[in-house]
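# Residue-level structure breakdown
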Amino acid sequence: MAFHSARWWDLTGVFQASGPSESSFTATLTAVGGVRLARSGDFDPLTGRLERQDLLLLDGDAAKALRDRLEASKSPVKLRSPRAWHSIGAAIGKSGCSLYASANQNENRIAVELVIDLSDGRAVEEHLREDESALEQEIGARLEWGAPKGVQRGRVIVTRPNSSIEDLADREAQHEWLQKMLERFLATFGPRVRKYFAD
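### Describing the packing of aromatic side chains
One pass over the full model with this rule turns up one aromatic pair. Look at Phe185 and Phe189: their rings are 5.0 Å apart centre to centre, the planes differ by 55 degrees, and that puts the pair in the tilted class. Of the two residues, Phe185 and Phe189 both sit in helix 4 (residues 171–198), four residues apart, roughly one turn of that helix. Like Phe189, Phe185 is buried.

The following block contains the structure:
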């Protein structure tokens, strides 16, 4: 497996609900001016570069400038401090499918995911879903499935919660977990993906 890294930022806001309860809730910014923000599966695992030019790559300066603008204009949207996402991708042996290891500082978790380009691989995802219980047994963890709305990429994800990349005391254990899961994903999904794309 060859890895290439990518880095992008996001913003999470705290919103005040209107109505009798007036409770607050959080939401993550997904688009600016109708342009979707880049996420982990949007980077080429062979180069680490953004694959699509129609996406917005929010860098740290841009995220902080947006937060500062909202604060200066006394916007009702209260953004938390922007945080970086870190991702590193690897080829799985078939075009249209990639493995990623990522760290999400906002959600305090690390993850390994298989990303499938659904423009070519919708049937592949369906075959994999049919094997879900066998896949979970081989991986040794519960898998999350899904694709964000409007995105032509399927995802199969396993996460390790309570894992801050800033926690140096836990770094070795995080790296051990990531390596184990990446190797299991490659061994489990690699042959199936190649077989299903060939069918």
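### What about the nonpolar core?
Counting residues in hydrophobic clusters, the biggest one holds 28 residues, and the most contacted among them are Val112, Leu114, Leu128, Leu143, Phe185, Phe189 and Val193. For this core, the secondary-structure elements that each account for two or more residues are strand 8 (97–104), strand 9 (109–117), helix 2 (118–130), helix 3 (132–139), strand 11 (153–161) and helix 4. With nine residues, the top contributor of residues to this core is helix 4. Contact partners of Val193, with chain neighbours within four places excluded, come to Lys94, Cys97, Leu114, Val124 and Leu128. Listed in part, the six residues of the second largest apolar core include Ala38, Phe43, Leu55 and Tyr100.

### Digging into helix 4
Taking 1.5 Å per residue, 28 residues should reach 40 Å; helix 4 reaches 39 Å between its end C-alpha atoms and fits that length. Along helix 4, the helix axis deviates most sharply at Phe189, where the bend reaches about 35 degrees; the proline Pro191 sits within four residues downstream.

### Focus: helix 1 (residues 60–72)
Between its first and last C-alpha atoms helix 1 spans 18 Å; for 13 residues at 1.5 Å apiece the expected length is 18 Å, and the two agree. When helix 1 is considered as a whole, its buried residues turn out to be Gly60, Ala63, Arg67 and Leu70. All buried residues of helix 1 fall inside an arc of 105 degrees around its axis, so they share one side. Across helix 1 from its buried face, at more than 90 degrees, point the exposed residues Asp61, Arg69 and Ala72. Lys74 lies just past helix 1 and shows a positive phi near 55 degrees.

### Re the confidence of the model for the protein
Taken residue by residue, the protein gives an average pLDDT of 79. The fraction at 70 or more is 79%. By mean pLDDT, the top-scoring element of the protein is helix 3 (95), and the lowest-scoring one is strand 1 (residues 3–10) (62).

### Notes on the packing of helix 3 against helix 4
At their nearest, the axes of helix 3 and helix 4 sit 9 Å apart, and the two run at 145 degrees to each other. Between helix 3 and helix 4 the crossing geometry is right-handed. Here helix 3 contributes Ala134, Leu135, Glu138 and Ile139 to the contact with helix 4, which in turn contributes Met181, Arg184, Phe185, Thr188, Phe189 and Arg192. Split by residue class, the contact of helix 3 with helix 4 holds six nonpolar, one polar and three charged.

Conventions adopted
- Every residue gets a number counted from 1 within its own chain, in the order that chain's sequence is written.
- Residue-level local features of this predicted model are given only where pLDDT is at least 70; pairs of side-chain atoms are given and counted only at 80 or more, and the full residue set underlies all totals for whole chains, interfaces and linings.
- The side-chain numbers reported here are obtained from all heavy atoms of the structure, hydrogens and water having been left aside.
- Each Phe, Tyr or Trp ring, with Trp reduced to its six-membered ring, pairs with another whose centre is within 6.5 Å; inter-plane angles below 30 degrees give stacked pairs, above 60 give edge-to-face pairs, and intermediate values give tilted ones.
- By definition, any uninterrupted DSSP run of H or I lasting at least four residues is a helix, any uninterrupted run of E lasting at least two residues is a strand, and each is numbered from the N terminus.
- The buried label goes to any residue with under 20% of its type's maximum accessible area, the exposed label to any with over 50%, and the partly exposed label to all in between, with areas taken from a 1.4 Å probe on protein chains only.
- For the purposes of this section, nonpolar cores are sets of buried Ala, Val, Leu, Ile, Met, Phe, Trp, Tyr and Cys residues that join through side-chain atoms within 4.5 Å.
- The contact definition used throughout considers only heavy atoms, calling two residues in contact when any of these lie within 4.5 Å.
- Residue count minus one, scaled by 1.5 Å, sets the expected span of a helix.
- Think of it this way: the bend at a residue is just the angle between two axes, each fitted to seven residues, one set ending at that residue and the other starting at it.
- The reported arc concerns the directions from the helix axis to the C-beta atoms and nothing else.
- On a range of 0 to 100, pLDDT expresses the predictor's confidence in each residue.
- Only the stretch in contact is used when a helix axis is fitted, and all axes are lines through C-alpha atoms; the angle between N-to-C directions ranges over 0 to 180 degrees.
- Working rule for handedness: look at the near helix, and if it is turned counterclockwise from the far one by less than a right angle, call the crossing left-handed; if clockwise, right-handed.
- Asp, Glu, Lys and Arg are counted as charged, while Ala, Val, Leu, Ile, Met, Phe, Trp, Tyr, Cys and Pro are counted as nonpolar; the rest, among them Gly, fall into the polar class.

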